[in-house]
Every structure is written in structure tokens, then in C-alpha cells.
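Remarks on the overall topology
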Amino acid sequence: MTKIVSLLTLLFLSLTITAQAQRIEIERVEPPNWWVGFEHQDVQLLVYGPGINTARASIDYPGVILRKTILVENPNYMFLDVRITEEAEPGTMDIVFERGRRSFTYSYELKARGKDRSYAQGFDASDVIYLIMPDRFANGNPDNDEIEGMLEGVDRSEPFARHGGDIEGILNNLDYIEELGMTAIWFNPILENDMPYDYSQRIGFYHGYAATDKYRVDRRYGTNEEFLQLVAETQNRGMRVIMDMIHNHVGTHHWFIKDMPTSDWVHDQAKYGNTGYRTSTIMDPYASEYDFNNTVRAWFVDEMPDLDQRNELLANYLIQNTIWWIEYSGIDGIRMDTHPYPYKDYMAEWARRVFVEYPDFNIVGEVWMPNVATTAFWQSGSIASGDYESYLPSTTDFPLFYAVNAAFNQPFGWDTGTMQLYYVLSQDFLYADPLLNVIFLDNHDLNRYFSTVGRDYDKFRLGLTFILTTRGIPQIYYGTEILKEGNMHDADKRRDFPGGWAEDPINAFTHVGRVELGEKRGLPVAEAHALTTKLSQWRKNKEVIH
């Protein structure tokens, strides 16, 4: 009898283990939803779950065709090539996964696209862009400073830590931005960056450039829904929203880096090392293979794995992620970080796909290049591009940045001082449209302009006036208008905006606070703010300067 009981127990355990092995679990499907009515009818769904590649997927939905199932070396992934034809209607599409006698139904939403494309209005030389690093601008909701389970909280005493700025803080100060004369806001990345930090090594990820989830707003900033509110309220004021994106790298703690779909999802750091940041190797006819690889295949830093966009599954994933955010949020433009570092043919295809769906959109690529020719190479239609078509309308004008910084710090000479401005602008014939260049005095990676000119207010006035009355799309870095300083490490260039935190003794979002701040620092802070406002407001309706 005991043997029979034991055998029955073993049989029960065996059936239980088999049933558990057959259980189908789906942890992620990305994109998390899609839309009917796109020009490009195909979407590739990434399905992630333990052992999902042993299941069989099927879709039975009018107007939708499952064209192909793609399995990869990691058994936890399955990719579904789905075609959404013109006959498809919005609704809930069931994806059925079967393994043996078990099945699991995943409900996937197909939404209707917005019929009014005015939300994707782009940006141009009639705009003045205000650049905000969300963590350092204003803390509107202290309750999201510490999120259970996330790797970092808030410590304002540590320059490389998170300081607590968030979406609500920006919402609370839209009046300030609008009154300053800004017509567009560019946010440094707002996606989840749940990365470990090491203050002893000056490593922190408050900047947002090491994503760990490309479909989720960082919860320390707020929610996806709060970002939608920020976009809507900004646009309701007649201002535009520019979203920062990165396709060159993600963070080491990104969920798909922890369990990569394929061995060629990222470049081999052991083979290619870290980049030397010499991006002119892309178009250099004499560049060695080693130097080219050091730009395109080497890692940006140890904490940011370098993505290999030659992998078609990864390329589709990134392109679809961009289109998803545009359609989901209604943003007006994109600033693409480290634009020259990925494969240039991939970057061209990415931009082309965006403009197929959003012809009035705009993208500015961060092309940190040493001169006009290498910058113009990246702009669509430039004579400097040769046979390469980038589909990129706007580029960051670093040559003009360098010229402005030299112009008012050097004595006038044949090729020094303000002559630098002339020499750079005289090469505008290399650009297809220099009016679409984004021009700036400083940004989150650069020394604060007021520090660059040695705290000389007269030089500051010259530079500010020049950048707001010159061809191109001016960009003002948050705090430049109140003479913010910073010229050491990155965190020093990204100091908190005074008044953005309830405990701040001075609130520079108000005129009284700016006067007080000026008296404390012995500087004409209120005057600098008034000058920025006057120039920006004047520029709005002056077509001659556009």
C-alpha cells in the first residue's frame, strides 16, 4: 500500500511539474499597443516570457495577418511580424499562444490614429527652444523622490545624485517659460533610467541617457500619463515639445541587456573598447578600420552598452519605439543624441520611416563635429553629403557655438575674435538649409556661457543678442537667462534652478527672487532675464529674422 501511495505521489508530482513546464507566461509585448492606418503597415512585436519560443502563436483578427514568427537563440524571445491592412479596425486583437494542450490569450490593443496631424507640427527658425534637464529644474511632487525598488533616491547635497526635479515641477512653471518668450521646450531624456550610481567615481544617471525601459517614463519624474499632460498643456500654450532620444546605447540595467535576445544585440566591448569620440572618422576618406570601429562599434562609457543596429530585429525595435512615442504622446519633434555614432545607414532609414508617417515633423541630430563641412554632411540634401542621404532636416551647429565662444573672448584680428563668426557663417553654402541649424551658447554638456566669458556681463549680452538674432533655431539652456555658472564637471553645468524646491531660500522664477539673487551674487540677474525675454518675445513675430 505504501508503494502504491509513493507511486501515486510521484505521478502527481510528475504531472504537476509537466503542467508547470507547459504553463505559458508573457512578461512583455513591445510595442505595448499599435495603431491602424499607418502608411507602413507592418509592425514587429517583441514577445518576452520564459521559454516562449516553444509556443506557437496565432492571430485571428479581421484585416490583420501574422506573416512570420521569428525565433532567436534566446528561448525567452519570440518576434511576430504582423501586417495591419487597410481593412483592420481599431479594437482588441487576441494573440493566442499554444504549447501542447495549454494555451494563453494575450489581448493586444489596436488604436485609431489621430486624424488631425497638427500635433506633429515640427519646429523651425521661428522658434526659440528652452532646454530643460528635468531632474535639475523643479521638484513639484516630493512624493516621487523615493520609489520603492528603484536603485536611487534623492540627495541634493551630492552633485552627481538625483535632486528630485520632475514633470509636475515643469508643469508648475510653464507660465515662467512662456513669459520668457520660449516657443518650444526640449527635455533631456525622461525615460526610465534605473541604474546604479557611484558618487566616488562621479557616476550618476540623473541625466537620463542610460535607458532601462524605452516605453516607460522614469517614475521619479512621474508617469506616462503625466508626460501626456505635460505635452498637452505645453501645446495648449502654443509651445512645442521636443523629446530627447538615444539609439546609440542604453543602460547596462536595461531589461533586454540583462537577458539579450541575440549575441549580436550589442557590440563586443572586449573587442572594440570605449570610443575616442572622434566622429569625423565617419566621412574621413583616410580613416583606418580601427578608427572607424572606435566611433561606431565602441561603447560610449562602461555603463552604456553600444547597440548594433545591423541586427534587423533591434533596428525594427528602435524605429517602432520612436513612432510609438510620436503617436502616443503627440510630441512635435525629436532631438537625437549621439547621431553619428550608430551606423549612418540605419540612422537614415530611421529618419525616413518617421517622415513617411509624419511629413511635417522635425528632427535635430546631435552631430558634435569640429567644422562646417563635417556638420553639413549630416543634413539632408547638403552638397557635403556626397551620395549619402540622411533624411535629417536639422543639425546642431557646434561650429557656430565654438565661434561664438571665441568671438567675445579673443581680441579682434584677421582670423580671431568676431572674425570667427564671419568665417563660420560664410560657409553656410555647404548646408542645404542653414536656417534649420539649432544654434546655442551652451547646453547640458558644455560650460555655462556666463562662465565661458569670465562672468563679464557685457560679453554675455553680446553673445545672447547674437544667438537670438542670427540665422537658425536658437536654443537657450535653462538658467542661462539668470546668469547660471558652471565650468567644471558635468554636474556643475547642471545646477538646480533656484526656487524649484520648496526649501530654496530664493525663488528665481519670480522677479523679486531674481533681484534678490542678483544682490546676493553681485550680478545683474534680473537685467539678464529681462534682456532674454525682450529678445525672445521680439523674435516671435519678426519674420525677417526667421
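Counting restarts for each chain: residues are numbered from 1 in the order of the written sequence. pLDDT decides what is reported in this predicted model: residues at 70 or higher carry local features, side-chain atom pairs at 80 or more are listed and counted, and totals for whole chains, interfaces and linings draw on all residues regardless. Heavy atoms throughout the structure, all of them, feed into the side-chain values; hydrogens and water do not.

1. Remarks on the overall build of the protein
- We count a stretch as a helix when DSSP gives it H or I for four or more residues in a row; a strand needs E for two or more, and each element gets its number in order from the N terminus. The helix and strand inventory of the protein stands at 16 helices and 18 strands.
- Note that the radius of gyration is over C-alpha atoms, with the globule rule given as 2.2 Å times the number of residues to the power 0.38. The C-alpha radius of gyration of the protein comes to 26 Å, within 12% of the 24 Å expected for a compact globule of 546 residues.
- Summarising its shape, the C-alpha atoms of the protein cover approximately 100 × 55 × 50 Å along the three principal directions.
- Whether a residue is buried, partly exposed or exposed follows from its accessible area with a 1.4 Å probe, protein chains only, as a fraction of its type maximum: under 20%, in between, or over 50%, in that order. In the protein, buried positions account for 58% of the 546 residues.

2. Some words on the layout of surface pockets
- Computed from the structure, the largest pocket encloses a volume of approximately 720 Å³.
- In terms of lining residues, the largest pocket is bounded by 27 residues, among which Phe-300, Val-301, Asp-445, Asp-490 and Arg-494 are the most central.
- Each residue is assigned to one class: nonpolar for Ala, Val, Leu, Ile, Met, Phe, Trp, Tyr, Cys and Pro, charged for Asp, Glu, Lys and Arg, and polar for all the others, Gly among them. For the lining of the largest pocket, the per-class residue count stands at 12 nonpolar, 7 polar and 8 charged.
- Taken as a whole, the second largest pocket spans an internal volume of roughly 300 Å³.
- Put simply, the grid is 1 Å and covers the protein atoms alone, a cavity is a trapped set of points that fit a 1.4 Å probe, a pocket is an open set with protein on both sides within 12 Å along at least five of seven lines, and lining residues have an atom within 4 Å of a point. In terms of lining residues, the second largest pocket is bounded by 13 residues, among which Lys-484, Pro-498, Leu-517, Lys-520 and Arg-521 are the most central. Grid points are joined across faces, edges and corners, and a volume is the space filled by probe spheres set on the points.

3. With respect to helix H7 (residues 289-296)
- Along H7, the residues that are buried comprise Asn-293, Asn-294, Thr-295 and Val-296.
- Contacts: residue pairs with any heavy atoms within 4.5 Å of one another. The elements touched by buried residues of H7 are helix H6 (269-272).

4. Section: the nonpolar core
- Ranked by internal contacts, the top residues of the largest apolar core, which has 155 residues, are Trp-34, Phe-97, Tyr-130, Phe-137, Ile-177, Phe-227 and Trp-350.
- With 11 residues, helix H8 (residues 312-329) is the single largest residue contributor to this core.
- Setting aside residues up to four positions removed in sequence, Phe-227 forms contacts with Ile-167, Phe-187, Ile-190, Val-217, Met-243, Trp-325, Ser-329 and Ile-331.
- Counting residues in each nonpolar core, the second largest holds 8 residues, with Phe-205, Tyr-209, Ala-210 and Met-304 among its members. Joining through side-chain atoms within 4.5 Å is the link that ties buried Ala, Val, Leu, Ile, Met, Phe, Trp, Tyr and Cys residues into a set, and such a set is a nonpolar core.

5. Here's the deal with the side chain of Thr-183
- Within the fold, Thr-183 resides in the loop between helix H3 (174-179) and strand E10 (184-187).
- Pairs of N or O atoms are called polar contacts if they sit within 3.5 Å, as long as, within protein, a hydrogen donor faces a hydrogen acceptor (for residues adjacent in sequence, only side-chain-to-side-chain pairs). A polar contact is formed between the side chain of Thr-183 and the backbone nitrogen of Val-128, at a distance of 2.9 Å.
- Aside from chain neighbours lying at most four places away, what touches Thr-183 is Ser-126, Asp-127, Val-128, Gly-238, Met-239, Arg-240 and Lys-540.

6. Topic: the confidence of the model for the protein
- pLDDT expresses, on a scale from 0 to 100, how confident the predictor is about each individual residue. Per-chain confidence: the protein averages 94 in pLDDT, with 95% of residues scoring 70 or above.
- Residue range residues 7-20 is modelled with pLDDT below 50. Its contacts to residues more than four positions away, or to other chains, number 1 contact.

7. Examining the packing of aromatic side chains
- Aromatic contacts are taken between Phe, Tyr and Trp rings whose centres are within 6.5 Å, Trp giving its six-membered ring; a plane angle under 30 degrees counts as stacked, one over 60 as edge-to-face, and the others as tilted. Taken as a whole, this structure holds 43 aromatic pairs when the rule is applied.
- Seen from their ring centres, Phe-137 and Phe-509 are 5.4 Å apart, and the 80 degrees between their planes marks the pair as edge-to-face. On the criterion of sequence distance, the pair formed by Phe-137 in the loop between strand E9 (129-132) and helix H2 (167-171) and Phe-509 in the loop between strand E18 (473-477) and helix H15 (511-521) is long-range, its members being 372 residues apart. Taken as a pair, Phe-137 and Phe-509 share a single burial class, namely buried.
- We call a charge positioned above a ring when the Lys NZ or Arg CZ atom is no farther than 6 Å from the ring centre and deviates by at most 35 degrees from the ring normal. The lysine or arginine in question, Arg-136, covers the ring of Tyr-206, its NZ or CZ lying 3.9 Å from the ring centre.
- Against the face of Tyr-388 rests Lys-344, its NZ or CZ located 5.5 Å from the ring centre.

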